[in-house]
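Structural description and commentary
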Amino acid sequence: MGVPMKQMAKVGAYIFKQKFKGNRRFPLVMMLEPLFRCNLACAGCGKIQHPEAILKKNLDPEDCFRAAEECGAPIVSIAGGEPLIHPEIDQIANGLVFRKKFVYLCTNAILLERNLHRFTPSTYLTFSVHMDGLEKRHDELVCKEGVFKKAVSGIKLAKKKGFRVTTNTTVFDGENPEELADLFDFLTDLGVDGMMVSPGYSYEKAPDQAHFLKREKTHNLFKEIMAIGKKRNRKWPFNHSPFFLDFLQGKTDYECTPWGNPNYSVLGWQKPCYLLGDGYVPTFGQLMEETVWENYGRASGNPKCQDCMVHCGYEPSAVQDSTRNLSNTIRSIRSALA
Ligand code: SF4
Ligand code: SF4
């Protein structure tokens, strides 16, 4: 099961509560970037390009808790940078779990084995390991040999110690659908609890601009991958709403919900989403009130949004669709139980 039932139930109840209160815009997943430093230098990364003075900064745990409480989203995804090089990452993750947030700690897993003793297994804590391909392709994409082996060994040890482990895969243009299907088979057989997948976004700051997917290519690639899974009779445990998977294949269309995944980092709350840097504000309240949301998403005509299909903008749209009527809710529950 990609999404734990407890998480589904709590997130479902949270959405109904927001709708009942008449809130038109509310967050689902808070993206927390407590640092931008990383122990890798992937070609598609838009985070490690920040100036040295910013790369040296760390958010302290109290800052993270204050932001999570102000935001109120039931899920917190801790990214970066590489969160495991933050000296207080255990206090941050454990403190958020204590506050009953579903924490996804995103990591390239190079430091996972040696840091596991700092965490306690819980339904509320998931390590989300960056996995962009099988050994050769993954190591090429992260620009370093040996990272795939290290990640697999980290996943195995974390599972053995009772942790929840999911993976996240960014898909770039030119990827081979058979190879991506092989990766999903491999990760399923490894026993991961869920897999996240998203097309890459062409960050202006990323050095490799040639390999980001455009909409039609995204639809075709994901259709091919899903068709291969069906032919192989595999049930991959995607950690996504079935409606987001439909969206990736072009079977349905959504408008972006950028306030669904608000981003808080060493620079403050980022307007409007973690992909675009149209300014930072110190409070979540200001982010919601001062951002001109109508300037973002496809319908706005904003050129930076036209080809974006990234999960941070569209998974919240898909999750909200899954609570739109009874038949959609039943489909979501069925897919979680499959
Ligand atoms: S592991 Fe993540 S944060 Fe680090 S360089 Fe690669 S994409 Fe960037
Ligand atoms: S479409 Fe993409 S880039 Fe534009 S606001 Fe939404 S998530 Fe951000």
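See the structure shown above.
What this report covers is the structure whose coordinates are included nearby.

**Things to note about the environment of Gly 12**
- Secondary-structure assignment places Gly 12 in helix α1 (residues 5-20).
- You can call Gly 12 buried: its relative accessible area is 17%.
- Taking the C-alpha atoms as reference points, Gly 12 and Val 319, separated by 307 residues in sequence, lie 8.9 Å from one another.

**Side note on the site of ligand 1**
- Around ligand 1, the structure places Cys 38, Leu 40, Ala 41, Cys 42, Cys 45, Ile 48, Gly 81, Asn 108 and His 130.
- For the shell around ligand 1, a count of residues per class yields six nonpolar, three polar and no charged.

**A look at unusual backbone geometry**
- Following Gly 80, the chain continues to Gly 81 via a peptide bond in cis, the omega torsion being 10°.
- Position of Gly 81 relative to the elements: it lies in the loop between β2 (75-78) and α4 (89-98).
- Cis geometry is adopted by the peptide bond preceding Pro 272, which originates at Lys 271 and carries an omega value of -5°.
- One can find Pro 272 in strand β8 (residues 268-272).
- With phi around 60°, Asn 233 is a residue other than glycine that occupies positive phi space.

**Concerning the pattern of salt bridges**
- Within this structure, the stated rule accounts for 19 salt bridges.
- A salt bridge links Asp 193 to Lys 159, with the shortest nitrogen-to-oxygen separation between them at 2.9 Å. Here Asp 193 is found in the loop between α8 (177-190) and β6 (194-199), whereas its partner Lys 159 is found in helix α7 (residues 147-160), with 34 residues between them in sequence.
- Residue class for Asp 193 comes out buried when judged on its relative accessible area of 18%.
- Overall, Lys 159 belongs to the partly exposed group, its relative accessible area being 28%.
- A salt bridge links Arg 234 to Asp 189; the shortest N-O distance between them is 2.7 Å. Residue Arg 234 is found in the loop between α9 (215-231) and α10 (242-248), and its partner Asp 189 is found in helix α8; the two are separated by 45 residues along the sequence.
- Overlapping salt bridges, with partners in common, bring together Glu 178, Asp 182, Asp 185, Asp 189, Arg 232 and Arg 234 in one network.

About the thresholds
Residues numbered from 1 in each chain as written. Chains lettered and ligands numbered in written order. Predicted model: local features only at pLDDT ≥ 70, side-chain atom pairs only at ≥ 80, totals over all residues. Heavy atoms only, no water. Helix = DSSP H or I, 4+ residues; strand = E, 2+ residues; numbered from the N terminus. Buried < 20%, exposed > 50% of the residue type's maximum accessible area, 1.4 Å probe, protein only. Near = heavy atom within 4 Å. Nonpolar A, V, L, I, M, F, W, Y, C, P; charged D, E, K, R; others polar. Salt bridge = Lys/Arg side-chain N within 4 Å of Asp/Glu carboxyl O.

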